[in-house]
Amino acid sequence: MRNLENHVLGSWRAPSGRLADLTDPTTGAVIARCGTEGIDMKAVAAYGRDVGGPALRAMTFAQRGAMLEACWKAVHAIREELIELAVRNSGNTRKDAKFDIDGAIATLSAYAVWGNELGDTQVMLDGEGLQLGRTPRFWGQHVLVPREGVAVHVNAFNFPAWGLAEKAACALLAGVPCIEKPATATAVVAERLLRACTDAGALPPGAVQLLCGSVGDLLDHLGPQDCLAFTGSADTALKLRGKENLLRWSVRVNVEADSLNAAVLGPDVAPGSETWNLFVRDVATDVTQKAGQKCTAIRRILVPADRVADAEAALVERISSVVIGDPSNDEVRMGPLATAAQRDDIRAGIAKLATECDFVMGAAGEPDALVGCEKGKGCFQRPVLFRAKDTAAAKLVHEHEVFGPCATILPYDGSAASAGAIVAKGKGGLVASVFSDDREFVRAMVVAIAPWNGRLYLGSGKMADQSLGPGTVLPGSVHGGPGRAGGGEELGKFRGLSLYQQRTALQGDRAVIEKLFAR
Ligand code: NAP
């Protein structure tokens with residue numbers, strides 16, 4: 001048992017006051033404690049702004065890229081240890097843990113390379129310059145500069161490594177210091193990850209601070225140059241967005257929240273074809289990977305009515321073959337949910353969906369067999385596949401996210417118009433997938449559902465062997481979605497920096513403007 005330390009005001013500090021218990025969800029044993037009582041949050045924000053900010057802004061993009069390179073190397077050096085910690089604290093199988101930790105390393109390393117690409121400059125040009133006056137002498141150019149505030153990053157429990165790294169990579173490359181707040185329940189991995197970076201001397205003082213526990217009154221101390229990037233539930237997001245000082249000072253708030261991600265099987269896809277197999281693999285992966293605790297996991301599966309029986313048989317076969325139990329056991333492919341509270345929430349959600357859906361497989365409750373661990377002790381939930389009793393009448397399946405190993409088949413008539421209307425009922429998603437080799441169907445689906453989703457994954461026979469699945473967030477593509485998904489946007493190469501930058505329009509003599517930031 002150890003107490004996680006907070007990294008604030010230039011040093012690692014032991015927690016004091018009331019501490020929260022962090023458990024191993026496989027056994028229920030308490031493995032660590034953490035807390036933030038007594039920390040002067042106003043001073044933490046000021047330290048980021050006054051110490052971290054100037055240090056980062058003095059660096060060029062290439063130097064910030066080198067800083068991120070030092071970070072990913074430091075994290076990579078303790079990769080095995082992080083995997084072990086994720087197995088214990090998050091209930092991840094080794095494969096699930098690698099998904100989070102390698103995702104963190106890959107994102108830091110992508111932004112390190114992109115920093116190098118931007119080179120020895122400190123200001124980014126936004127688009128081409130343009131003539132504003134009668135002649136080209138009066139010229140306009142938009143520039144992007146780092147804001148002089150601090151970025152508060154509040155993360156969800158399911159990706160303690162990647163969640164921290166993807167936000168920090170963008171803020172740091174933009175030149176903005178951050179205060180990282182991992183979810184309390186799974187903070188062990190985040191604490192170790194940041195400690196690796198500080199031990200390696202990769203970060204200037206104040207560039208990244210870490211709070212393992214509540215943020216206390218930190219958000220009340222945010223001002224006009226600061227921002228908040230939040231990942232978590234829509235309910236928490238609603239509370240945070242409405243804070244008076246955030247509204248008063250136009251503090252930028254980016255939200256990544258719930259999402260009822262849809263997968264649409266095209267009517268052209270025959271059982272047994274490559275695209276069919278990709279569909280079955282991707283859906284089954286999303287139901288079971290990280291025990292379904294992925295914000296990008298497929299929750300709604302639209303299948304042409306005449307293919308439902310085949311799709312159910314294929315999915316049941318594939319999902320049933322997943323061995324569930326102690327995530328440290330090599331045979332096991334699905335571990336427990338992260339906490340007892342999540343397990344209880346998920347079971348309540350399954351009961352809710354059961355009012356308008358039939359069970360194709362599973363039920364609320366533990367799996368019949370658990371490999372390598374005792375029944376009744378951990379936070380296990382068996383995978384559930386539902387079929388909507390009546391697709392046209394179904395409501396809850398478009399509204400209630402069961403954040404676990406659970407998804408629902410929605411039979412539809414095979415037309416893009418119907419599929420588009422059903423997907424839109426989710427009121428905004430992070431990602432939707434279309435599995436089809438029919439270009440006209442894909443085109444119609446893109447036009448219909450792109451406005452409702454931050455990312456579209458177009459599964460086909462041609463890309464099947466390179467695909468990482470719709471659940472994988474890649475640093476080169478944006479992550480975020482409209483409406484229910486929070487309305488936010490992260491990553492997407494340089495797009496991910498914009499939350500931390502001020503876009504300013506310069507208007508003046510073309511010769512001066514073009515020379516100011518010439519490379
Ligand atoms: P959550 O309960 O909303 O918590 C998210 C984070 O907010 C945690 O760090 C939590 O800290 C913090 N928090 C809670 N109340 C707060 C408050 N009043 N002030 C400041 N911070 C507060 O969500 P979760 O259960 O961790 O995550 C599950 C949800 O996140 C799911 O709905 C999932 O869809 C969503 N999610 C979305 C994405 C995405 O990218 N869109 C990614 C992952 C997860 P404590 O842990 O200390 O309470």
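Fair warning: this is a prediction, and the values are worked out from it, not measured in the lab. (Residues numbered from 1 in each chain as written. Predicted model: local features only at pLDDT ≥ 70, side-chain atom pairs only at ≥ 80, totals over all residues. Heavy atoms only, no water.)

### Side note on the packing of aromatic side chains
- All chains considered together, the criterion is met by eight aromatic pairs.
- Plain terms: the ring middles of phenylalanine 279 and phenylalanine 435 are 5.4 Å apart, the flat faces sit at 75 degrees to each other, and that makes the pair edge-to-face. One end of the pair, phenylalanine 279, is in helix α9 (residues 274–288); the other, phenylalanine 435, is in strand β18 (residues 429–435), and 156 residues separate them in sequence. Just as phenylalanine 279 is buried, phenylalanine 435 falls in that class too.
- Among the aromatic residues, those joined into a ring-pair cluster are Trp276, Phe279, Phe435 and Tyr457.
- Above the ring of phenylalanine 61, the side-chain terminus of arginine 64 is found at 4.9 Å from the ring centroid. (Phe/Tyr/Trp six-rings, centres within 6.5 Å; stacked < 30°, edge-to-face > 60°. Helix = DSSP H or I, 4+ residues; strand = E, 2+ residues; numbered from the N terminus. Buried < 20%, exposed > 50% of the residue type's maximum accessible area, 1.4 Å probe, protein only. Lys NZ or Arg CZ within 6 Å of the ring centre and 35° of its normal.)

### Concerning the environment of leucine 218
- By the secondary structure assignment, leucine 218 is in the loop between β10 (208–210) and β11 (227–231).
- Setting aside anything within four residues of it in sequence, one finds leucine 218 in contact with Met41, Ala45, Val152, Ile179 and Leu211. (Contact = heavy atoms within 4.5 Å.)

### Quick notes on empty space enclosed by the protein
- Taken as a whole and judged by the stated rule, the model has six cavities of 30 Å³ or more.
- Every residue lining the largest cavity is counted, 13 residues in all, and those nearest its centre are Asn155, Phe159, Trp162, Gly163 and Thr231.
- The dominant element in the lining of the largest cavity, judged by the number of residues it contributes, is helix α5 (residues 162–174), at four residues.
- The residue makeup of the lining of the largest cavity, split by class, is four nonpolar, five polar and four charged. (1 Å grid on protein atoms, 1.4 Å probe; cavity = no way out; pocket = protein on both sides within 12 Å on 5 of 7 lines; lining within 4 Å. Points joined across faces, edges and corners; volume = space filled by probe spheres on them. Nonpolar A, V, L, I, M, F, W, Y, C, P; charged D, E, K, R; others polar.)

### Re a nonpolar patch on the surface
- Where nonpolar side chains cluster on the molecular surface, the patch consists of Leu125, Val512, Leu516 and Phe517 and spans about 340 Å² of accessible area.
- With respect to the helices and strands, leucine 125 occurs in strand β6 (residues 124–131).
- What makes leucine 125 partly exposed here is its relative accessible area of 46%. (Patch = residues over 30% accessible without salt bridge, like charges linked within 9 Å, V, L, I, M, F, W, Y side chains within 5 Å. Areas by Shrake-Rupley, 256 points an atom, 1.4 Å probe, with all protein chains shown as cover. Salt bridge = Lys/Arg side-chain N within 4 Å of Asp/Glu carboxyl O.)

### Quick word on the domain arrangement of the protein
- Each assigned domain of the protein is listed here: domain 1 (2–257 + 489–516) and domain 2 (261–474).
- Measuring from the centre of the C-alpha atoms in domain 1 to the corresponding centre in domain 2 gives 31 Å.
- If you look at the interface, domain 1 gives 22 residues, while domain 2 gives 30 residues.
- Taken together, both faces of the contact between domain 1 and domain 2 bury some 1,900 Å²; the carbon and sulfur share is 62%.
- Contact with domain 2 buries area across many residues of domain 1, yet Thr26, Phe99 and Phe157 alone supply 29% of it, more than any other trio.
- Where domain 1 packs against domain 2, one counts zero salt bridges.
- Linking domain 1 to domain 2 there are five residue pairs in polar contact (both at pLDDT 80 or more).
- Contributions of two or more residues to the side of domain 1 that touches domain 2 are made by α3 (79–90) and α4 (94–118).
- Looking at which element gives the most residues to the side of domain 1 that touches domain 2, the answer is α4, with four residues.
- Grouping the amino acids of the side of domain 1 that touches domain 2 by side-chain chemistry returns nine nonpolar, nine polar and four charged. (Domains from an automatic or database assignment. Buried area = accessible area lost by both parts, 1.4 Å probe. Polar contact = N/O pair within 3.5 Å; in protein donor to acceptor, adjacent residues only side chain to side chain.)

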